[in-house]
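Summary of the model geometry
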Amino acid sequence: MAEPEEYRPGLEGVIAAETAISYLDVAHEEIVVRGYNLIDLAEHVSYLDVVHLLWYGRLPSAAESARWAAEIAAARLDTERIVPLIDQLGPGLHMMDWLRTAVSVLGTWDPDVGQEDAAHVWAQGRRLVGSLPAVLAQGYRRRQLLPVIPSDPARPYAANFLHMMTGREPSAAEARAFDQLLIAYSEHEMPNSTFAARVISSTLADLYGALTGAVASLKGRLHGGANEAVMRMLLEVGDPARMRAYLEDRLARKERIMGFGHRVYMRQPDPRAMLMKQVLAELAGPAGRQDLYELCVAGEEAMYALKGLYPNLDYYAAPVYYLLGVPIELYTPIFFVARVAGLVAHVQEQYAHNRLFRPRVRYTGPRGLRVGP
Ligand code: COA
């Protein structure tokens, strides 16, 4: 094999896979998901419909959609046995560490682990989508010594998930907003976590192993971890009139502002951020929190004026979570739970057209050293 010559740090601009799942069409400002525009999907169908689309390549009919939701609800693994394991974990636990541990443990309960054919892997995917809301919400509440809310298969997926976390009955508008947020996070081509899952599955490791790696990747603050930092910043600033001076001060100290910039959308808006901005506007009025909306807009305008940077999804998702009453520690874990939809599709695609990932390096270390005389 010829020695490769080109080195692209961070694999920037490198095409690492062929995929029929999704594509960031930057020129047309569109996130293409199995042929549809992701924003269009968020406006018209449910998160579980998008899962169906991502996995099987087509949207379900109305009758199929209801059957599919029931199938996902019934696929939940024995979460009552898994959730108490959180008591064994150390004091520095972040809820992403819980998810990383829990995904790994769920694999030991899945009857199909070790079976790599597509039908068995889809069944594993259904169990993950069916189980993770309860694992996350119940684990969190148990850890906080709050009453654990049982999963209610009769509720729609997003409403059930939200209710298990907050203990509060969501309004129809809140449940819909959360469902749209899950869709916004469901799939996004080849971010670091999806690449991590594909790299792991290219060894024919199982789905749970691939997703355990993906959740570890997503915890990083240059990736999923940004949404929690955004909310802490918004709470710290508090007043729209203070926003610009706050950002100027941090930028002068060469600090990064979480929720801005994106490897692919560096010079244009992230369509998902604009969707969440709209959702935030709709929630803020009834919640009496127009000030929070204005604070976010002030930040968006100031960052554009100061750095020419646009907000990414995490910037506007954070205040949406906040108005829905979701605890900040759960923002990034929810991103992962939603992204399982896309990750399972990518792992399946990797299995179906597999080529082991094994790149080369440009060696910069010493040579010719000798041991002994
Ligand atoms: N705050 C301040 N400056 C930023 C910035 C941010 N959030 N994002 C990018 N920049 C600046 C960099 O300082 C750099 O400026 P310079 O050329 O003057 O040095 C320039 O923009 C390019 O940044 P770079 O880090 O090379 O781009 P990247 O493609 O590696 O970065 C991110 C992409 C997402 C890692 C980066 O935008 C970032 O750190 N954002 C904050 C974290 C975040 O919100 N992540 C969620 C992504 S969905």
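Structure: above.
These notes cover the structure that comes with them. Here the structure is a predicted model, which is why all the values come from computation and not from measurement.

So, how was this worked out
The written sequence of each chain sets the order in which its residues are numbered from 1. In view of the model being predicted, local features appear only for residues whose pLDDT reaches at least 70, and side-chain atom pairs are presented and counted only at 80 or more, with totals across whole chains, interfaces and linings using the full set of residues. For the side-chain quantities, the full set of heavy atoms in the structure was used; hydrogens and water were omitted. When DSSP finds at least two bridges between two strands, those strands are taken to pair. Each helix is a run of H or I in the DSSP string that is no shorter than four residues. Each strand is a run of E no shorter than two, and both are numbered from the N terminus. For each residue, the accessible area found with a 1.4 Å probe, counting protein chains only, is set against the maximum for its type, and the residue is called buried under 20%, exposed over 50%, and partly exposed in between. Throughout, near means a residue has at least one heavy atom within 4 Å of the molecule or strand. What qualifies as a polar contact is a pair of N or O atoms within 3.5 Å, subject to a donor-acceptor requirement within protein and to the restriction that residues adjacent in sequence count only when both atoms come from side chains. Accessible surface is estimated by sampling points in the Shrake-Rupley manner with a 1.4 Å probe; for residues, cover comes only from the protein chains shown. Whenever a helix is involved, its axis is fitted only over the stretch in contact; in every case the axis is a line through C-alpha atoms, and angles between N-to-C directions fall within 0 to 180 degrees. Left-handed describes a crossing in which the near helix is turned anticlockwise from the far one by less than a right angle; the clockwise case is right-handed. Should any heavy atoms of two residues lie within 4.5 Å, those residues are counted as being in contact. Under the grouping applied here, Gly and all other residues not named as nonpolar or charged are polar, the nonpolar ones being Ala, Val, Leu, Ile, Met, Phe, Trp, Tyr, Cys and Pro and the charged ones Asp, Glu, Lys and Arg. As used here, the term nonpolar core means buried Ala, Val, Leu, Ile, Met, Phe, Trp, Tyr and Cys residues forming a set that is joined through side-chain atoms within 4.5 Å. Domain limits in this description derive from either an automatic procedure or a database domain assignment.

**Quick word on the pairing of strand β1 (residues 22-25)**
As judged from the four bridges shared by β1 and strand β2 (residues 30-33), these two strands associate in the antiparallel manner. Looking at β2, one finds that Y23 is bridged to V32. What sits between β1 and β2 in their antiparallel hairpin is a turn of four residues, with E29 showing a positive phi close to 50°.

**Focus on the pairing of β2**
Along β2, the buried face is formed by I31 and V33; none of E30 and V32, which line the opposite face, is buried. Sheet analysis places β2 next to strand β3 (residues 36-37), joined by two bridges and oriented antiparallel. Bridging from a neighbouring strand, V33 pairs with Y36 of β3. Hairpin remark: β2 followed by β3, antiparallel, with two residues in the connecting loop; positive phi at R34, about 45°.

**Observations regarding the site of the ligand**
In the vicinity of the ligand lie 17 residues, with R256, I257, G259, F260 and R263 positioned nearest. G259 places a polar main-chain atom, nitrogen or oxygen, 2.8 Å from an oxygen atom of the ligand. Take R263: an N or O atom from its side chain is 2.7 Å from an oxygen atom of the ligand. Burial of the ligand by the surrounding chains reaches 68%, relative to a free accessible area of 850 Å².

**Thoughts on the sheet that holds β3**
On the basis of which strands lie adjacent, the open sheet formed by three strands has the order β1-β2-β3 and antiparallel pairing. Strands with a single pairing partner mark the edges of an open sheet, and in this sheet they are β1 and β3.

**Considering the packing of helix α9 (residues 192-201) against helix α16 (residues 331-352)**
Orientation of α9 relative to α16, taken along the N-to-C sense of each, is 35°, at an axis distance of 9 Å. Handedness of the crossing formed by α9 with α16: right-handed. Contacts between α9 and α16 involve S193, T194, A197, R198 and S201 from the former and R339, L343, H346, V347, E349, Q350 and Y351 from the latter. Grouping the constituent residues of the contact of α9 with α16 by class yields four nonpolar, five polar and three charged.

**Some words on the nonpolar core**
Formed by 116 residues in total, the largest nonpolar core has its most connected members in L132, F178, L211, M276, I334 and F336. Here this core takes 13 residues from α16, the largest share from any one element. Counting contributing residues per domain, this core is built from domain 1 (22-219 + 331-352) and domain 2 (226-323), each supplying no fewer than three. Among residues more than four places away in sequence, those in contact with F178 are A158, F161, L162, M165, Y321, L324 and I334.

**Describing the environment of D97**
Position of D97 among the secondary structure elements: in helix α5 (residues 95-109). Among the residues examined, D97 registers a relative accessible area of 12% and is labelled buried. Remark: the alpha-carbon pair of D97 and K219, spanning 122 residues in sequence, is separated by 8.3 Å. In contact with D97, not counting residues within four places along its chain, are G92 and K219. For D97, the side chain forms a polar contact with the side chain of R100, separated by 3.2 Å. Here the side chain of D97 touches K219 through a polar contact of 3.0 Å, side chain to side chain.

Keep in mind these numbers describe shape, not what the thing actually does.
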